[in-house]
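# Working through the structure, step by step
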Amino acid sequence: MAGGITDIKKLEYEIYKYSSYSSSYLPENIREDNPTNQTSRWSSNTNSPPQFLVLKLERPAIVTKIKFGKYEKTHVCNLRKFKILGGLEEDRMTQLFEGGLKNDSVPETFNLKHRTNSGELLPIKFLQIVPLLSWGPSFNFCIWYVELLGIEDSIFILSNLRKYNMLREVEIVRLFMKHCRQQGYVKAFSALQEETGVRLEDEKMTELHEILVNKGDFKKTEVVLVDFINSGLMDDYLLRQEYKPHWSLQVTAERESRPGRRGGHQLIIDPLTSTVYLYGGWDGSEDLSDLWSYDMKNNRWTMIHENSELLDGPSPRACHKMVYDTKNSQIFMIGRYLDSASRTEENINSDFYLYNTISKTWCLISNDTAQVGGPQLVYDHQMCIDVDKQTIYVFGGRILEPKFSFSFRNEEETTGDYKYSGLYSYHISTNTWNHILVDCGHPSAASPHVQSIKSRVTHSMLFHHKHRKLYIFGGQRGKDYMTDFLIYNVDSTELTSMTPENVGTDSKNVPQSGFTQRATIDCDKDEIYVLTSLSKEKERRDLNINSFWLFSLIKREWCCVYRSDHSIGENCYLKSQHACSEPCPRYAHQIVYDAVNQVHFLFGGNPGMNSHVRLDDFWMLRLEKPTRENILRYCKYLLRKQEYEEIARKNPLTAISYLQTKLYDIIDHNDPAQLKEFHKLASLLFKSDSTDCETEPTSLLACPLGGSLKPNSQKHANEREPNEDNAKIMRVESPKCPDEADASSMSSLSSECSSSQTARAIPSTSSSYSSRTRKANDQLFELKIRRCLLYNKLVDLLPESLCQPKKNISDFVLL
C-alpha cells in the first residue's frame, strides 16, 4: 500500500484565519524560520482571549508532529502554554495537544494526537493554535516559526478518510438507535440494527436494560451487577474517584519506650518486614545519635541503641539522609548539619556509614567521600537507592566548608552566596563514586562537555524503579523558590524537564514552593505524594496550612487531596495529642511510605512555636478510595430504593415490610446522612401518587471504607451527573408502545408526566374508561422513565466502551 505511518514529511500550509496581529508581526511570518530576526514572528495585538491562528493544509493529511522555532534569545512573549485543535472542518475540531514551550532559544517538537479513541488514524485539514499564556503574563503572544510534519499520500489518506467516515456513520447510527429505544420505536430500532449490523451497546448492557427497565426484575439485576463488580467492570470508575485522607495518631502504651522529641531526624522503611527505622535529629538542645525501630504490625517501638558512637557508628547529627537496601538489609547514611562554630578542618569531613540490620553493626565506608570522588559535606540534600542495580544517588544540598574568619562567614550568610552539590551516584558492590551532574555554579559547568544541573536544598527526589528515572522538583536556592520538575533517566543519562498539564497562572494547582516538602512515591500506581506544611521563613507564615498533594505520572497532573487550616494551638505540640485529628503544621519532620500496605508514617518536627520545642507525635495517614464492596452497597441501594417506591404505590403494607428488611440492611444506621435518607423513604408511604421521591444517596459512596461513598461527590473532569447532560429529550406525545418505552436520562420527563397525570386525574363520565386507560399508560411510561434513569446511573459506573453513547440526537438539534 502506498504511504504509511513512517512516511513522515514536511506539510505545506497557508494562514487561513487569525484573531489579530500587531504592527508588522504578520501571521505569515511563522512560515519562515529566521531565529536571528527579531521581527520574524506573529504577535497578537492583545493577550485577551481568544487569540488564535488557523492553518489550512493543501489537502487532508495525518499530522503527527508540530515544530516550533524560536528567537535566538529568551523572549517574554514566548508561549508558556497553548493548545492545538484540528479537524476536517474549521467549525468541528478536536483537541490534539496542550502544553507549553520552554523560554529558551532551542526549537521544540511535539507529538500530536493523530488517532481516534478507537485507534484509527485521524485525517485533518485545519489546524488551530490557541495561545493561553505567555512567559511574561501581561505581554502579547508570539509565535516565531511553525512546521507541520505528517503524511499526505493521497491513496493512504483516502483509505483512512473512508475508515474515519465509517466510524462517524456508526456513531450516528448508534445515536439514532438510542433515540428509538428511548421513544419506544421498537420496529425502527430492530430494523436499523438488522440493516446496519451496528450494536447500540455491549450484549451485557442490553441484557441489563431488558432485565431492569423492561421486566423490572430487581433481584436478577442485583445478581448481574454483582457479576459486573466481581469481574472488575467498575474498577476504572473506582480508580477515578479522589482519595479521602484519614490521619490516626499511633499511641503506644505509656510504659513502653519510644523516641523523644526531635526534628531533622531521618525515617526509612523496610517494606519486607514492615519495619520503620529512625535515627538522630535535634531535640532542641543537642544532636542525637540514637537508632530506633518501629514494628508496624504490633505498634511497638524498640530502641536498638542510644549512642551509635559507642558502636563505631556515626556521631550525633541532624539534616542527614538515609536509604534502605532491601536486598542486603542495610542502611546507608551520609551528610549532616554543623553550626558555624563547629565547621573546622577536623569536623568538615563527609563521612559515609552503613548499618546492617541483621548483624546490628555499623561500618564506616568512607571517612570523607570528597576524597574518593563523592560529594563534599552537605545537608538538606536528597538520597535515593536503585536496589536492582545496587546504586545510590545523592543530589543537592548546601556544601559546608571550614570557616576561617568571622568576616568570611558573615559575608556568605549576608549575600546568600552558598555552594551547592550536584548529582552523584555510588555503586555499592565496587565502592565507587561518580559525579554525574555538576551544579550550575561549579567552575566546570561552563565547559560544553560537562552536564550541569541547578542544585537546591529542601527539595524532593524520588526514584521510580520501573521507569528507571529520578524525579526532582521543588526546593530553594538562595532566596529563589524552585518550581521546575526535572527527570533524570539513570540508564540513558538524559536530563529533561516536565511541565505538569494543569499548571498555569493559578499557583493553587501545585504544591507551594519553598516549603519543606516531604515526598513519597508509589511505583505501582505511578503516583507521587507530597506533604507541605509549616514554612521556615517568617515572611511566608501566612501559608501555614497542612496540604497533601498527588501527582499522577500518567496524567502529568497535580491534584490537592486536601488542605487544612489546622490551627497552631498548644495541643499541637504538647505531649498529649488527643485534641488533634491530624498533625499540626511543622517543618524538620519526616514521612515514609509503606507501598505494601499503602500507608504513610510521619514523626516529629518543629512546630515553629519555640526555638527549643520539638515534637514526638507519630501519625499514620491512609488514603482511601471506594472499594468494590462500597460500590455494591451503592448499587443495591439504588435498586432497592426503586423497587420500594414501586411497591409503595401499589401495596403500602408490603412496602413497610420491604423497608424494614431489604432497605434497612443496606443503610449504615451510624451514619446520620444515610439515616436521614432512610427516614425520607419511610415518609413516602404517606404520600399519594407522589413523583417527588428522588432521594439521592449523599454518603453511600462518600464515606470511609467502613461506610460507603457517593459517586459524584468529587466529579472527575470527564464525568457528569448521571441525568445532567442527557436531560434534553422532551416528550411530545406518548410513545406508540408503552411497554417498550425508555426515557433514558430524561429527568425532565418525570415532572412532565406528573403534571399530565394530575391534569387527567378527574375523568369525565363519558370517557372514564379511556381516561383510566390513558392514566394507566402514563403511569407505566413514568415507571419506565424512573427505571431508565436508574439504568443510566448504573451505566455511568461502567466502561464507556460497553455502553450506549453518552450524548443524544437532541444534543445536535437546535430549534
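Residues numbered from 1 in each chain as written. Predicted model: local features only at pLDDT ≥ 70, side-chain atom pairs only at ≥ 80, totals over all residues. Heavy atoms only, no water.

An unreviewed UniProt entry annotates the chain as F5/8 type C domain-containing protein originating from Aedes albopictus.

Our focus in this paragraph is the overall build of the chain. A count of helices and strands for the chain gives eleven helices and 41 strands. Of the contacts formed within the chain by residues at least 6 apart in sequence, a portion of 63% connects residues at least 24 apart. When the accessible surface of the chain is split by element, carbon and sulfur atoms take 49% of a total near 38,300 Å². (Helix = DSSP H or I, 4+ residues; strand = E, 2+ residues; numbered from the N terminus. Contact = heavy atoms within 4.5 Å. Areas by Shrake-Rupley, 256 points an atom, 1.4 Å probe, with all protein chains shown as cover.)

To continue, consider the pattern of salt bridges. With the rule as written, the count across this model stands at 29 salt bridges. Linking Glu256 and Arg300 is a salt bridge whose minimum nitrogen-to-oxygen distance equals 3.7 Å. Placement of the pair is Glu256 in the loop between strand S11 (244–249) and strand S12 (266–270) and Arg300 in strand S15 (residues 300–305), with a sequence separation of 44 residues. Overall, Glu256 belongs to the partly exposed group, its relative accessible area being 23%. The residue Asp484 makes a salt bridge to Arg456 at a minimum N-O spacing of 2.9 Å. You can see Asp484 sitting in the loop between strand S30 (480–481) and strand S31 (485–489) and its partner Arg456 sitting in the loop between strand S26 (452–453) and strand S27 (460–464), a full 28 residues away along the chain. Residue class for Arg456 comes out buried when judged on its relative accessible area of 0%. Through salt bridges with shared partners, a single ionic network connects Asp386, Lys389, Arg468 and Asp491. (Salt bridge = Lys/Arg side-chain N within 4 Å of Asp/Glu carboxyl O. Buried < 20%, exposed > 50% of the residue type's maximum accessible area, 1.4 Å probe, protein only.)

Look at helix H3 (residues 203–214): 15 Å from first C-alpha to last across twelve residues, which is about the 16 Å you get at 1.5 Å a residue. Along H3, the residues classified as buried are Met205, Leu208, His209, Ile211, Leu212, Val213 and Asn214. At the N-terminal boundary of H3, the capping side chain belongs to Asp202, with an oxygen 2.8 Å from the backbone nitrogen of Lys204. Positive backbone phi, approximately 65°, marks Gly216, located one or two places after H3. (Expected span 1.5 Å × (residues − 1). Polar contact = N/O pair within 3.5 Å; in protein donor to acceptor, adjacent residues only side chain to side chain.)

Across the chain, the average pLDDT comes to 84, with 83% of residues at or above 70. Below pLDDT 50 for its whole length, residues 405–411 participates in three contacts with residues either more than four positions away or in separate chains. Below a pLDDT of 50 lies the segment residues 688–764, which in the model reaches 202 contacts outside its immediate sequence neighbourhood of four places, other chains included. (pLDDT = per-residue confidence, 0-100.)

A separate point is the sheet that holds S26. Across the sheet, five strands lie side by side as S21-S22-S24-S25-S26; this open sheet has mixed pairing. Looking at strand neighbours, the two that pair on one side only are strand S21 (382–386) and S26, the edges of this open sheet. Bridge analysis of S21 against strand S22 (residues 391–395) gives five bridges, and the strand direction is antiparallel. Its bridge partner lying in S22, Asp386 is registered against Thr391. (Pairing = 2+ DSSP bridges.)

Here we take up helix H9 (residues 672–683). Look at H9: 17 Å from first C-alpha to last across twelve residues, which is about the 16 Å you get at 1.5 Å a residue. The complete set of buried residues in H9 reads Gln674, Glu677, Phe678 and Leu681. Projected down its long axis, H9 carries its buried residues within an arc of 105°, all on one side. Exposed residues lying more than 90 degrees from the buried face of H9 are Pro672 and Lys676. (Arc of directions from axis to C-beta.)

Their axes nearest at 11 Å, the elements helix H7 (residues 628–650) and H9 cross at an angle of 15°. Compared by their axis directions, H7 and H9 come out roughly parallel. In the crossing of H7 with H9, the sense of the turn from one axis to the other is left-handed. Here H7 contributes Arg633, Tyr637, Lys641, Tyr644 and Glu645 to the contact with H9, which in turn contributes Gln674, Glu677, Leu681 and Ala682. A class-by-class count of the residues in the contact of H7 with H9 yields four nonpolar, one polar and four charged. (Axes fitted to C-alpha atoms, helices over the stretch in contact; angles between N-to-C directions. Parallel < 35°, antiparallel > 145°, perpendicular 65-115°, else oblique. Left-handed = near helix turned anticlockwise from the far one by under 90°. Nonpolar A, V, L, I, M, F, W, Y, C, P; charged D, E, K, R; others polar.)

Here we take up the sheet that holds strand S35 (residues 546–552). Strand-to-strand pairing in sheets goes through backbone hydrogen bonds, with the strands running parallel or antiparallel. Strand order across the open sheet formed by four strands is S33-S34-S35-S36, with antiparallel pairing between neighbours. Edge positions in the sheet fall to strand S33 (518–522) and strand S36 (557–564), since each has one partner strand and no second. Strand-to-strand, the axes of this sheet are offset by a mean angle of 20°, without reference to chain direction. In terms of strand pairing, S33 meets strand S34 (residues 527–532) through five bridges, oriented antiparallel. Across the sheet, residue Asp522 finds its bridge partner in S34, namely Glu527.

Our focus in this paragraph is the state of the cysteines. Scanning all chains against the criterion turns up zero disulfides. With no disulfide of its own, Cys77 has Cys142 as its nearest cysteine by sulfur position, at a separation of 3.9 Å. (Disulfide = S-S within 2.5 Å.)

Another aspect to go through is the packing of H7 against helix H8 (residues 652–666). Running from amino to carboxyl end, H7 crosses H8 at an angle of 170°, the nearest separation of the two axes being 8 Å. Our classification of the angle between H7 and H8 gives roughly antiparallel. Mapping the contact onto sequence places Arg633, Lys636, Tyr637, Arg640, Lys641, Glu643, Tyr644, Ile647, Ala648 and Lys650 in H7 and Pro652, Thr654, Ala655, Tyr658, Leu659, Lys662, Leu663 and Ile666 in H8. Of the residues assigned to the contact of H7 with H8, the class counts are ten nonpolar, one polar and seven charged.

Attention shifts here to the nonpolar core. Judged by nonpolar contacts, the single largest core of 41 residues is most densely connected at Met205 and Leu663. Of all the elements, H7 adds the most residues to this core, at nine residues. Setting aside anything within four residues of it in sequence, one finds Leu663 in contact with Tyr637, Arg640, Lys641, Tyr644, Tyr658, Phe678 and Leu681. Counting 29 residues, the second-largest nonpolar core is a separate cluster that includes Ala61, Leu79, Phe97 and Leu122. (Core = buried A, V, L, I, M, F, W, Y, C linked by side-chain atoms within 4.5 Å.)

Here we come to the pairing of strand S24 (residues 423–427). The element S24 is extensively covered by neighbouring structure, given that four of its five residues are classed as buried. Pairing between S22 and S24: five bridges, direction antiparallel. The partner of Ile392 across the bridge, within S24, is Tyr426. The turn joining S24 and strand S25 (residues 432–439), which pair antiparallel and follow one another in sequence, is formed by four residues; a positive phi near 55° is taken by Asn431.

This part takes up the side chain of His305. With respect to the helices and strands, the residue His305 is situated in strand S15. Of the polar contacts made by the side chain of His305, one reaches the side chain of Trp362; its length is 2.9 Å. Not counting the four nearest positions on each side in its chain, His305 is found in contact with Ser289, Asp290, Leu291, Leu311 and Trp362.

Turning our eyes to something else, we now look at the packing of aromatic side chains. Overall, the coordinates contain 38 aromatic pairs when judged by the stated rule. Arranged with centres 5.4 Å apart and planes meeting at 55°, the rings of Phe352 and Trp433 form a pair that is tilted. With a gap of 81 residues between them, Phe352 in strand S18 (residues 352–356) and Trp433 in strand S25 connect regions that are remote in the sequence. Note on Phe352: relative accessible area 0%, which makes it buried. Exposure remark for Trp433: the relative accessible area of 12% places this residue in the buried category. (Phe/Tyr/Trp six-rings, centres within 6.5 Å; stacked < 30°, edge-to-face > 60°.)

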